[in-house]
Amino acid sequence: MKRVCIDVGGTFTDCLVMTEAGELHAFKTPSTPTAPATGFLNSLEKAARFFNQSLKALLADVDISVHGTTLATNTLITGRGAKTAMITTKGFRDLVEIRRGIKDERVSLYNFFIPPYEPLAPRYLRYGVEERTLYTGEVTAPLNENELDEIISQLKKEQIESVAICFLHSYANPQNEKRAAELCSQKLDGAYVSTSHAILPVWGEFERFSATLIDAYVGRIVSGYFNSLEKQLRESGLGGRLLIMLTNGLMQTVDYSARSAVYLIGSGPAAAPSGALYLGDLTGHKDLITIDMGGTSFDVCVIRDREIPTTTERWEGDHRLAIKMVDVHSAGAGGGSIAWIDALGLLRVGPQSAGAEPGPACYGKGGTEPTVTDADLLLGYLPADYFLGGEIMLNEELARAAVEKVGKPLRMGAKEAAEAIFTTINTVMANSITDVSTKRGFDVRDFVLVAGGGAGPVHAVFIAEHLDIPTVLIPSYSAVFSAFGMQAMDIGRDYARTYVSRVDRVDIDRVNRLYDEMEREAKKDVESMGFPTTDIVLSRTAEMRYTRQFHQVESEIPLGELSQKDVTTIVDGFHKRHEELYNFSMPWRGVEFITFRLKATVPRAAITLMKIKSGSQNASAALKRKRTCRLSGRDVEVPVYDGARLLSGNVIQGPAIIEEPATTVVIPERYVTRVDDYKNYLVHRQ
Amino acid sequence: MATIDPITLATIWHAMQTHCKEMRHGIDRTAQNYLMAQLHDISVGIWDAAGRTIAMPVGLPVQFLGTAFAIRDLLKKFGNDFAPGDVILTNDPYHGGNNCHLPDWGFFRPVFYKGKLMFFTLARGHQEDTGGSYPGGYFPNGFDIHAEGICIPPVKLIKAGVENQELMEVIWNNVRWPEGVKQDNYSMIAATKKCEQRLIALLDKYGEETVMACLDEMISRTEQAVRAEIRKIPDGVYCGEAATDDDGTELDVPVWVRCEATVKGDEMTLDFSKSDAQRKGFINSVYAATYGNAIAAAILTFDPSIADYHNEGSMKPIHVIAPEGLVVNAQYPCTVGASPVAVGIQVMEAVLEALSKARPERAMAAWAKHRGHYVFGIDPRTRERYVQTSFDYDGSGGGVAGYDGYQGISALTSMGAVTRGNVEEMEIRIPWRMLKYEFAPDLMGAGKWRGGPGVHWEAINEGLEGDIATGSSDGDEVLGFGAIGGQTCPPCRTYIRRGEQEIRVKPHRLVHIEPKDTIVKLSSGGGGVGRPEERDPEMVRRDARNGLISIQSAREIYKVAINPVSFDIDFEQTKELRSKTAPKWTDLGKENF
């Protein structure tokens with residue numbers, strides 16, 4: 001049976017098929033944003049043609065399909081979500097708009113000229129209902145069902161499509177929320193109903209409510225898409241399981257995902273780090289920085305000692321998203337990023353992007369702003385005749401005219417300006433890497449840079465040079481990197497329970513009961529995904545903090561029945577982790593447990609990457625042509641290699657270019673590239 | 001002189017900003033006191049060895065924009081006696097500390113490179129306690145500064161990496177909750193250390209000469225940009241004034257801050273000489289604090305596209321005059337406890353009012369006043385003493401030319417750098433249960449761009465008896481200004497509801513509370529900008545629909561007739577209403593209002 005991973009992006013749909021033998025085959029087709037299921041099926045049809053099968057025969061032969069999509073992210077960013085209402089505890093309906101008084105941190109302290117916040121549910125669609133639960137879980141006021149009925153009839157009148165139900169302290173006792181959801185589902189036919197205790201069962205109402213509101217906002221569209229996708233796939237002959245890639249690096253059934261749409265925000269990029277981890281294992285590296293440079297965004301993830309980091313600190317646009325996500329940091333930098341001159345005469349690049357429409361000037365689709373792709377073309381890095389394997393012809397004259405727009409005020413020629421754009425965007429990306437790593441106190445120079453995305457291999461080695469990173473790994477599947485990550489990851493889910501207690505007063509039986517409950521739930525879920533429970537691998541963590549701190553540090557918890565003795569080990573681990581993260585620890589201070597977490601995974605199927613033929617160090621047989629490139633201010637004749645003809649063991653001395661159908665690798669002077677057995681490019685500084 | 005390319009310039013510049021933000025992030029994640037960790041009552045920055053301001057991306061102006069004065073005094077006091085690994089602590093407004101009030105403890109770290117003093121970095125934050133008569137630092141009736149808490153002049157808490165244990169013991173022995181304060185102190189010290197590491201790495205990478213050349217270049221570019229902004233203001237003298245309700249000692253007598261902004265060519269002088277004399281009560285501001293607020297207010301009116309760059313260069317063309325002995329330049333041993341709020345807010349308001357007249361296209365109105373209070377009591381669940389405060393009770397931002405006031409943002413002197421707490425977090429931490437926390441309709445200044453909404457906040461005491469100090473609040477009597485025809489912020493009110501009784505509590509008071517007392521706060525929103533009858537009727541309709549303004553206000557203040565059931569605009573009636581009051585009004589439905 002085959003396993004298929006499909007990542008639907010804004011521009012391209014990437015499909016990666018793993019055969020029975022564990023071999024991978026990649027297919028790239030255009031996305032169809034108006035009917036995403038169509039693009040999904042098109043990519044499968046392309047794959048079926050490759051295997052000389054009908055789509056039906058291919059689908060009959062697939063046991064697991066994993067699907068990542070930008071649908072939820074795009075729905076939120078473009079503001080095309082459902083007409084959403086919110087029902088909350090009476091007296092508190094503005095908490096999601098007051099937003100803890102936060103001014104967007106990306107706006108300077110000294111700038112007051114900013115538009116007010118637009119919440120996803122406007123105030124007139126936010127209703128308070130009489131009900132109250134305390135932090136102890138005690139219900140001091142049951143849900144007033146008469147009031148709720150009145151609200152529901154208002155919602156009907158307003159033709160609401162989605163409802164977020166958000167009550168105070170529902171994480172401690174969801175009784176009132178559950179009842180309200182039940183009544184809404186019964187009486188509001190077809191509405192998407194989201195409850196805060198189900199979406200994010202932890203304390204802190206602003207963060208919980210905000211996540212729930214986002215869920216309601218994108219949920220109707222996402223669930224509608226999943227339902228129609230599954231239907232079409234089943235009709236086309238899919239018999240196997242369809243799993244959805246979630247933003248926390250785990251996977252879920254379509255049914256579950258359709259009810260927790262917020263976990264689809266950032267679903268695709270969350271998979272990339274798993275791909276990097278796999279390649280790190282293959283090449284013997286534990287500390288990795290993965291980058292994925294596409295058209296508009298640049299995603300970074302720092303993996304230290306094989307650990308894929310997660311965060312609960314995310315903002316999506318103006319909205320706080322406190323669900324646990326793979327900590328992929330996104331910056332507005334990509335092939336489409338536009339260059340401009342700021343108020344103080346400095347060259348800036350991005351975050352505005354020319355996007356797919358009109359795209360960079362050199363695409364000839366009407367774009368006139370200078371973009372990174374235009375600069376890359378003028379510098380000789382991109383082939384005008386072999387961009388995406390020749391699917392798009394690039395126009396150098398249009399690129400030059402665009403780049404001159406910023407060149408003139410800087411008193412630079414087109415090529416000089418192109419190089420300035422190239423260096424500036426690399427600096428932006430390098431800073432974005434530093435930002436993520438420095439916040440954790442890591443030195444980027446200790447890491448291997450793993451480069452994915454269509455534009456990644458053009459810029460990666462230059463970014464590495466800027467940051468003094470000695471080694472860059474450019475995977476053979478860099479152009480379909482997220483889909484590769486989906487193939488390379490374990491299938492799993494996670495669970496959380498809040499129990500706030502000082503470590504010295506913790507009721508260890510209660511902790512054991514919580515884990516028991518979560519583990520039973522996990523087993524049930526794994527079974528429902530069609531895996532034997534014997535395959536489950538469990539891991540536990542707890543969010544802990546020093547007494548009276550406000551933020552938690554995630555520490556490891558041992559498996560099995562916990563005893564008082566385990567608490568000491570856990571606390572020692574916490575002190576160590578705090579020191580690692582923040583430069584100090586305080587063994588003299590009390591410590592608290594906040595949230596206990598469980599992760600249940602089923603190990604992935606073994607992948608056998610296809611080996612390429614081996615050859616000598618001499619790569620001259622793959623030499624395709626020569627091209628003039630601008631490197632460090634000089635025009636240099638650079639050999640261009642055909643990636644398809646390279647052999648394992650080939651060594652290429654920079655400066656050099658390797659052309660692949662879906663990407664171009666640029667190797668500057670002072671770097672040397674070795675091709676490995678699986679056609680990954682390992683680039684080292686000399 | 002090193003030659004600098006634009007890329008290195010941008011890189012070094014942004015690195016400085018990033019290092020500051022990283023310092024703040026570290027404190028944010030590890031501190032234990034509500035004000036610092038949760039509400040971000042912290043400031044961070046980098047200055048060079050001469051005290052020039054290099055980077056000041058985030059903080060409260062009163063805490064850090066006047067830090068150059070402190071650094072010059074440090075240099076005077078210690079001369080060459082600085083070493084790598086030194087950490088200097090001070091919270092003193094006087095004696096060379098130049099600090100705004102005692103709860104804001106500042107940790108300075110000199111940064112050396114190859115044996116040479118290059119920079120100072122500072123992390124300053126509001127401690128859980130600083131001693132004195134009452135917890136919290138907002139005690140309205142102190143005899144002098146010593147009643148407000150422990151005064152720590154600039155002292156080396158850590159000398160070349162070695163902690164001065166005895167000094168630490170003296171300091172921590174003089175505060176309540178010493179364990180918590182100790183934890184926060186270590187959090188701040190660790191953050192300055194991180195910044196030192198980053199600065200040294202930057203110097204290693206680019207070399208001292210290049211780094212300093214880039215900083216000089218950025219300061220000079222910023223100065224030119226600020227001068228260009230000032231040139232856009234017509235030469236002249238512009239006046240603004242604002243008052244705090246009283247000084248907490250001489251009750252119900254407002255204390256005035258007056259600013260004369262004189263613009264001449266590319267320089268600006270902010271002269272506070274006509275302000276009231278310093279008072280016995282705790283509303284006095286030292287010069288460095290006044291300077292910080294005044295500079296911040298002036299900067300706010302400049303083009304936002306230079307907002308990311310402010311540094312020493314922004315300050316050079318702006319002069320701040322505040323004669324000694326006035327409420328804006330208090331002298332030892334004057335009390336200063338409330339000065340970040342009162343008269344700190346008034347200093348900013350006076351400058352903004354003056355400059356809004358000077359540049360209507362950049363006008364902005366007053367923000368909602370800070371409505372803070374401190375509760376001290378005993379938590380029956382733990383039998384431990386607690387002190388509670390937050391920014392939750394505050395209204396919103398004021399309107400600006402072009403946008404309505406930002407919702408929920410707290411007090412002008414915070415500039416949006418502080419945040420609010422969570423209801424659930426508060427109910428877990430202290431024995432109070434929240435009853436209401438919502439926008440209050442019609443409680444904002446109307447305008448073409450109205451103020452952000454006011455807030456209605458109620459909570460019931462489920463603990464034992466205790467006290468409440470309303471020192472950190474203002475705005476019952478003297479109202480925040482509206483700009484270019486916009487309305488002022490409406491008055492705020494605080495009550496204690498005890499059974500049937502509603503007992504009004506004014507700002508700057510200290511009152512007793514009983515179990516089951518409910519604190520009720522009606523905090524106004526921000527002021528408006530531009531005449532309300534020029535507001536886009538569609539925006540008026542939206543506000544009415546959202547219940548932020550009443551149908552009656554829409555009609556009487558905004559002159560827009562709205563159907564109370566359908567919320568449709570009656571354009572005919574609106575046209576008539578507006579024709580009476582707004583002669584400019586010509587054609588409804590177009591974008592010219």
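What counts, and at which threshold
Residues numbered from 1 in each chain as written. Chains lettered and ligands numbered in written order. Predicted model: local features only at pLDDT ≥ 70, side-chain atom pairs only at ≥ 80, totals over all residues. Helix = DSSP H or I, 4+ residues; strand = E, 2+ residues; numbered from the N terminus. Rg over C-alpha atoms; globule rule 2.2 N^0.38 Å. Buried ≥ 20, exposed ≤ 12 C-beta atoms within 10 Å, placed from the backbone. Domains from an automatic or database assignment. Contact = placed C-beta atoms within 7 Å. Nonpolar A, V, L, I, M, F, W, Y, C, P; charged D, E, K, R; others polar. Expected span 1.5 Å × (residues − 1). Arc of directions from axis to C-beta. Pairing = 2+ DSSP bridges. Axes fitted to C-alpha atoms, helices over the stretch in contact; angles between N-to-C directions. Left-handed = near helix turned anticlockwise from the far one by under 90°.

(A) Structural context of the overall build of chain B. Within chain B, the secondary structure is distributed over 14 helices and 20 strands. In terms of overall dimensions, chain B is globule-like: its C-alpha atoms have a radius of gyration of 24 Å, near the 25 Å expected for 593 residues. Along the three orthogonal principal directions, the C-alpha set of chain B runs to about 75 × 65 × 40 Å. In chain B, which comprises 593 residues, the proportion classed as buried is 62%.

(B) The arrangement of the overall build of chain A in detail. Along chain A, the regular secondary structure elements total 17 helices and 34 strands. The C-alpha atoms of chain A give 26 Å as radius of gyration, which agrees with the globular expectation for 686 residues (26 Å, within 12%). Across its three principal directions, the C-alpha atoms of chain A cover 80 × 60 × 55 Å.

(C) Summary view of the domain arrangement of chain B. All names here are of chain B. Parsing chain B into structural domains produces domain 1 (6-221), domain 2 (368-530) and domain 3 (532-581). One C-alpha centre belongs to domain 1, the other to domain 2, and the line joining them spans 30 Å. Taken together, the 18 residues of domain 1 in the interface contact 19 residues of domain 2. Within the residue set of the side of domain 1 that touches domain 2, elements represented by two or more residues are α2 (34-38) and α3 (61-64). In terms of residues, the side of domain 1 that touches domain 2 owes the most to one element, α2, which gives three residues. A class-by-class count of the residues in the side of domain 1 that touches domain 2 yields 12 nonpolar, four polar and two charged.

(D) Local environment of helix α16 (residues 508-528) of chain A. Residue and element names in this part refer to chain A. Over its 21 residues, α16 extends 30 Å from the first C-alpha to the last, a length consistent with the 30 Å expected when each residue adds 1.5 Å. Along α16, the residues that are buried comprise V511, Y515, M518, A522 and V526. Seen along its axis, α16 keeps its buried residues to an arc of 75°; they face one direction. Exposed side of α16, more than 90 degrees from the buried face: D509, D516, R520, K524, E527 and S528 are the residues found there. Buried residues in α16 make contact with β24 (491-502), β25 (537-546) and β27 (591-602).

(E) Unusual backbone geometry, seen in detail. In this structure, the amide linkage connecting G654(A) to the following residue, P655(A), adopts the cis form with an omega of 5°. For P655(A), the position within the fold is in the loop between β30 (651-653) and β31 (656-659). Positive phi, close to 55°, is recorded for N52(A), a residue that is not glycine. Tracing the backbone through its elements, the reader meets N52(A) in the loop between α1 (36-50) and α2 (55-60). Residue N52(A) is classed as exposed on the basis of its 8 C-beta neighbours within 10 Å. The phi dihedral of A411(B) falls on the positive side, at around 55°, and the residue is not glycine. Mapped onto the secondary structure, A411(B) falls in the loop between β13 (384-388) and α11 (423-429).

(F) Region of interest: the environment of D252(B). With respect to the helices, strands and loops of the structure, D252(B) is situated in the loop between β8 (236-244) and β9 (255-264). In the structure, D252(B) is positioned 254 residues away from K506(B) in sequence and 9.2 Å away in space, judged by C-alpha atoms.

(G) Spatial organisation of the sheet that holds strand β6 (residues 126-129) of chain A. Residues and elements named next belong to chain A. The four strands are arranged β6-β5-β9-β10 in an open sheet whose pairing can be described as parallel. One side of each edge strand has no neighbouring strand; the edge strands of this open sheet are β6 and β10 (192-195). Going from strand to strand, the sheet's axes swing by 20° on average, the running direction of each strand aside. Summarising the sheet, strand β5 (residues 84-89) and strand β9 (residues 162-166) pair through five bridges and their orientation is parallel. The residue bridging M86 from the neighbouring strand is A164, located in β9. Contacting β5, β6 and β9, helix α5 (residues 145-157) crosses the sheet at an angle of about 165° to β6.

(H) Broad picture of the packing of α1(A) against helix α8 (residues 205-236) of chain A. Residue and element names in this part refer to chain A. Contact geometry for α1 and α8: axes closest at 9 Å, N-to-C directions at 35°. With respect to the hand of their crossing, α1 and α8 are arranged in right-handed fashion. Judged by residue contacts, P36, A37, F40 and L41 of α1 engage Y225, S228, L229, Q232 and S236 from α8. Tallied by class, the residues present in the contact of α1 with α8 amount to six nonpolar, three polar and no charged.

(I) Looking closely at the interface of chain B and chain A. Each partner contributes residues to the interface: chain B has 67 residues there, and chain A has 56 residues. Counting only elements with at least two residues in the side of chain B that touches chain A, the list comes to α1 (6-30), α2, β2 (53-58), α6 (178-206), α7 (208-231), α8 (287-300), α11 and β14 (432-440) of chain B. Sorting elements by how many residues they give to the side of chain B that touches chain A places α1(B) first, with 11 residues. Looking at the side of chain B that touches chain A residue by residue, the classes come out as 29 nonpolar, 22 polar and 16 charged.

(J) Spotlight on α6(B). Taking 1.5 Å per residue, 29 residues should reach 42 Å; α6(B) reaches 42 Å between its end C-alpha atoms and fits that length. Backbone geometry just downstream of α6(B) places G207(B) in the positive-phi region, at approximately 85°.

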